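# Coordinate inspection notes
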Amino acid sequence: MSTTETQVRPGLQIETRLFIGGEFVEAAQGGTIPVTNPHDNSILAEVSEATAADIDRAVAAAREAFPAWKKMSASDRGRLLLKLADAIEADAEYLAQLESLDTGHPIRDVRNLDIPRTAACFRYFGGIADKVEGTVVPVDPGFLNYVLREPLGVVGQIVPWNFPLMFTSWKMGPALAAGNTVVLKPAEITPLSALRVAKLMSDVGFPKGVVNIVPGYGHVAGQHLAEHRQVAKIAFTGSTAVGRKIVQASATNLKRVQLELGGKGANIVFEDAPLEAAVMGSAFAIFHNQGQACIAGSRLILHEKIADQFLDKFVALAKSVKIGNPLDPTTEMGPLTSAGHRDRVLAYVEVAKEQGGRILTGGTAPSNPDLAKGCYVEPTIVEAEPEHRVCQEEVFGPFVTVTRFKDDADAMRIANSTSYGLGGGLWTTNLKRAHMFAREIRSGMIWINSYKRVHPGSPFGGVGESGYGREMGFFAMHEYTEAHSVWVNYDAQIPPFYKR
Ligand code: NAD
């Protein structure tokens, strides 16, 4: 084993160096970031810490790689992404263990959701690469005007810790398919799977410098990348607070910015809802990945007629969720991803109580002594009023508020009462009402009798303080290209207003 690899489980070695210009390299200043296992807070690895000099190196490598990558035929770029999707599937078990150890995701979910979704997303963008067409605009007689979609150049991508593997595909898939080169900064606490993807990219033949992966702290490496004058765009997923800093940093060269920020998903259960499905779907909406999802259904809004009946079932379901070591395939909920975040989530229990919120279940760490060293929090359900802080602020944990409503107008008012607008759910058998609400709720995505469905072809993103821009599908291809308008005077005639 080399000094740059750490072995955490028999046979599982971890790459800890930065990936720049097609090579794994040490950080310029030699600093490292401790990466912990949230199950017991043991150190998994010490990962090289990128600082400004490393970001500069990575941007330079991406700039050098850009002209050839842009010129490569789109279908060849696509073919590399397809090969990467295959490589991810072939590496699925390694990736699943690594991601589960680093993030605390139950391995069951990583195997069944994160890995297939990551492969599917890279595959989708592999397929779409050569299908982005320009347009011809019907302009004045004698002129042809056609519009090309051109890549932007070097794209900086900054991602959070809640789905680090999946976000490599959401971010890099469209950027690379469109012909950009990439510098991706993973979250400092979960950089391991992105470094593994870098290795797989190198194995399948991505040219040097097309992708560079630089784990580092946000206020150092992230900030430098966001300010970098040779970066054409920052695609950011993370908190609204940091999103604001990204916008400010982008002013250096007026680079493009795409923001996928926080959320406070309204999940409305009407009196005519299919109740069993609504209970199960609402539990998935908030407890999957320990509630650490921007689109989590974190505000349950229940019609007063069915609220008690719904809550009997929902609270019982929450109490029965199997919490445990994420590597145990029967575990349904693992730890939160860091101790600091666990403390932040538990602090919201006190915030709820101070404002008169009623804890229906949870609100503490589990009593199981086997989990005492880890970052665990019980599924927590709190009855609260729409104006309470816990109904307004993103908690980002297994923490759901419950509010009752009287009629449709009341439900709409509550649903639209936060500054966020990312995802939301509606449980009803009334088609007219479902479509009316789907349209009127201020939200980038709405699920009817379902929650948290995503697909690489369907636009993903928010409104309001949840950000702007869309990931996935042709929407994403437009985000990573710009319109390039070409005018041809095909008769070579001199227009009257040029004549002297
Ligand atoms: P965060 O904003 O603290 O960090 C996100 C990333 O930004 C990390 O890589 C971090 O290192 C970096 N960063 C921090 N400060 C920076 C700075 N000054 N300049 C540049 N980069 C900086 O968010 P987090 O706590 O890692 O993630 C949780 C948040 O992400 C939640 O708010 C969640 O809703 C949001 N999120 C949004 C989506 C979406 O698609 N809308 C998806 C997942 C998570």
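Residues numbered from 1 in each chain as written. Predicted model: local features only at pLDDT ≥ 70, side-chain atom pairs only at ≥ 80, totals over all residues. Heavy atoms only, no water.

### A look at the packing of aromatic side chains
Just so we agree on the cut-off: Only rings of Phe, Tyr and Trp enter the pairing, Trp through its six-membered ring, and a pair is recorded when the two centres are within 6.5 Å. The plane angle decides the type: under 30 degrees is stacked, over 60 is edge-to-face, the rest tilted. For helices the rule is a DSSP run of H or I covering at least 4 residues; for strands it is a run of E covering at least 2, with both sets numbered from the N terminus onward. Here's how the labels work: a residue is buried when its accessible area is under 20% of the maximum for its type, exposed when over 50%, partly exposed in between, all with a 1.4 Å probe on protein chains only. Our definition puts a charge over a ring when NZ of Lys or CZ of Arg is within 6 Å of the ring centre and also within 35 degrees of the ring normal.
Per the stated rule, a full pass over the model turns up 13 aromatic pairs. Taking 5.4 Å as the distance between ring centres and 80° as the angle between the ring planes, the aromatic pair formed by Trp161 and Phe396 counts as edge-to-face. Of the two residues, Trp161 sits in the loop between strand 9 (154-158) and helix 5 (164-177) while Phe396 sits in the loop between helix 12 (389-392) and strand 18 (399-405), which places them 235 residues apart along the sequence. Take Trp161 and Phe396: they sit in the same class, and that class is buried. Among the aromatic side chains, those forming a connected cluster through ring pairs are Phe163, Phe167, Trp170 and Phe460. When the ring centre of Tyr94 is taken as origin, the NZ or CZ atom of Arg196, which lies over that ring, is 3.7 Å away. Seen from the ring of Tyr480, Lys233 lies directly overhead, with NZ or CZ sitting 3.8 Å from the centre.

### Details of the packing of helix 13 (residues 408-415) against helix 14 (residues 431-440)
Selection rule: All axes here are fitted lines through C-alpha atoms, helices being fitted over the stretch that makes contact, and every angle between N-to-C directions spans 0 to 180 degrees. We call two directions roughly parallel when the angle between them is under 35 degrees, roughly antiparallel when it is over 145, roughly perpendicular when it lies between 65 and 115, and oblique otherwise. Crossings are classed by handedness, with left-handed meaning an anticlockwise turn of the near helix from the far one by less than a right angle and right-handed meaning a clockwise turn. Contact definition: two residues touch when any of their heavy atoms are within 4.5 Å. Amino acid classes used here: Ala, Val, Leu, Ile, Met, Phe, Trp, Tyr, Cys and Pro are nonpolar; Asp, Glu, Lys and Arg are charged; the rest, including Gly, are polar.
Taken N-terminus to C-terminus, the directions of helix 13 and helix 14 make an angle of 30°; their axes are 11 Å apart at the nearest point. The angle between the axes of helix 13 and helix 14 places the two elements in the roughly parallel class. Every pair of crossing elements has a handedness; the one defined by helix 13 and helix 14 is right-handed. Contact residues: helix 13 offers Asp408, Ala411 and Met412, while helix 14 offers Arg433, Met436, Phe437 and Glu440. Among the residues forming the contact of helix 13 with helix 14, the class breakdown is four nonpolar, no polar and three charged.

### Quick look at the site of the ligand
Stated precisely, the cut-off is as follows: We define proximity as follows: a residue is near a molecule or strand when any one of its heavy atoms falls within 4 Å of that partner. Think of a polar contact as two N or O atoms within 3.5 Å of one another; within protein, one of them needs to be a possible hydrogen donor and the other a possible acceptor, and neighboring residues in sequence only count if both atoms come from side chains. All accessibility values rest on the Shrake-Rupley procedure with a 1.4 Å probe; residue burial counts only the protein chains present in the view. What fixes the domain bounds is an automatic or database domain assignment.
If you check the shell around the ligand, you find 28 residues, and the closest are Val159, Glu188, Ser239, Leu261 and Glu394. A distance of 2.9 Å separates a nitrogen atom of the ligand from a polar side-chain atom of Gln223. Against a free-state accessible area of 850 Å², the protein chains account for coverage of 90% of the ligand. Contributing elements (two or more residues each) for the shell around the ligand: helix 7 (218-227), strand 12 (233-237) and helix 8 (240-249). Taken together, the residues of the shell around the ligand sort by class into 15 nonpolar, eight polar and five charged. If you count residues domain by domain, the shell around the ligand takes at least three from each of domain 1 (5-261 + 462-485) and domain 2 (266-448).

### Some words on the nonpolar core
Put simply, the rule reads: By nonpolar core we mean a set of buried residues, namely Ala, Val, Leu, Ile, Met, Phe, Trp, Tyr and Cys, connected to one another through side-chain atoms within 4.5 Å.
By size, the foremost hydrophobic cluster in this structure holds 96 residues, and its most contacted members are Met172, Leu176, Phe206, Phe310 and Phe314. For this core, the two domains that each supply at least three residues are domain 1 (5-261 + 462-485) and domain 2 (266-448). Contacts of Phe314, omitting those with residues within four sequence positions, involve Val279, Ser282, Ala283, Ile286, Phe287, Leu300, Ile381 and Val400. If you look at the next biggest cluster of nonpolar residues, it comprises 25 residues, including Val59, Val183, Ala221 and Val257.

### What to know about the sheet that holds strand 16 (residues 358-361)
To keep things clear, this is the line we draw: Strand pairing is defined by DSSP finding a minimum of two bridges between the two strands.
Reading across from one edge, 16-17-18-15-14-19-20 is the order of the seven strands in this open sheet, with mixed pairing throughout. The open sheet has two edge strands, strand 16 and strand 20 (445-448), and neither has a second partner. Strand-to-strand twist of the sheet, defined as the mean angle between neighbouring strand axes without regard to direction, takes the value 25°. By the bridge criterion, four bridges tie strand 19 (residues 423-427) to strand 20 in an arrangement that is parallel. Each residue of the ladder has a partner; that of Gly423, found in strand 20, is Met445. Its contacts with the sheet put helix 10 (residues 307-320) on strand 14 (266-269), strand 15 (299-303), strand 16, strand 17 (380-383) and strand 18, and the angle it makes with strand 15 is roughly 145°. Of the strands in this sheet, strand 16, strand 17 and strand 18 touch helix 11 (residues 339-354), which is tilted by about 30° from strand 18.

### Comments concerning the pairing of strand 5 (residues 32-37)
Side-chain alternation along strand 5 places Ile33, Val35 and Asn37 on a buried face and Thr32, Pro34 and Thr36 on a face that remains uncovered. By the bridge criterion, six bridges tie strand 5 to strand 6 (residues 42-48) in an arrangement that is antiparallel. Opposite Val35, over in strand 6, you have Ala45 as the bridge partner. Linking strand 5 to strand 6, which pair antiparallel, is a turn of four residues; within it Asn41 sits at a positive phi near 60°.

### Some details on the pattern of salt bridges
Heads up, the rule is: Any Lys or Arg side-chain nitrogen located within 4 Å of an Asp or Glu carboxyl oxygen qualifies as a salt bridge.
A full pass over the atoms with the stated rule returns 27 salt bridges. Of the charged contacts, one joins Asp54 and Arg57 as a salt bridge, the two residues approaching to 2.6 Å between their closest N and O atoms. Pair noted here: Asp54 and Arg57 are both in helix 1 (residues 52-71), with a separation of three residues, about one helical turn. The salt bridge involving Lys322 is made with Asp328; its shortest N-O contact spans 3.5 Å. The class for Asp328 is partly exposed, based on a relative accessible area of 29%. Taken together, the shared-partner salt bridges in this structure form one network comprising Glu271, Asp272, Asp408 and Arg433.

### Let's talk about the packing of helix 2 (residues 74-90) against helix 6 (residues 192-204)
Helix-helix packing is described using two parameters, namely the angle between the two axes and the distance between the axes. At a minimum axis distance of 9 Å, the contact between helix 2 and helix 6 shows a crossing angle of 125°. Taken together, the axis directions place helix 2 and helix 6 in an arrangement best described as oblique. As helix 2 packs across helix 6, the resulting crossing turns out to be right-handed. Of the residues in helix 6, those in contact with Leu80, Lys83, Leu84, Ala87 and Ile88 of helix 2 are Val197, Leu200, Met201 and Val204. Considered class by class, the residues forming the contact of helix 2 with helix 6 number eight nonpolar, no polar and one charged.

### What about helix 11?
What counts here: What a helix is expected to span follows from its residue count: subtract one and scale by 1.5 Å. Directions from the helix axis toward the C-beta atoms define the arc.
The first and last C-alpha atoms of helix 11 sit 23 Å apart over 16 residues, in line with the 22 Å expected at 1.5 Å per residue. Taken together, the buried positions of helix 11 are His341, Arg342, Val345, Tyr348, Val349, Val351 and Ala352. Axial view of helix 11: buried residues confined to an arc of 165°, hence all on one face. Across helix 11 from its buried face, at more than 90 degrees, point the exposed residues Gly340 and Glu354. Along its buried surface, helix 11 packs onto strand 16, strand 17, helix 12 and strand 18. At the C-terminal side of helix 11, Gly356 shows a positive phi close to 95°.

These results come straight from atomic positions and should not be treated as a statement about function.
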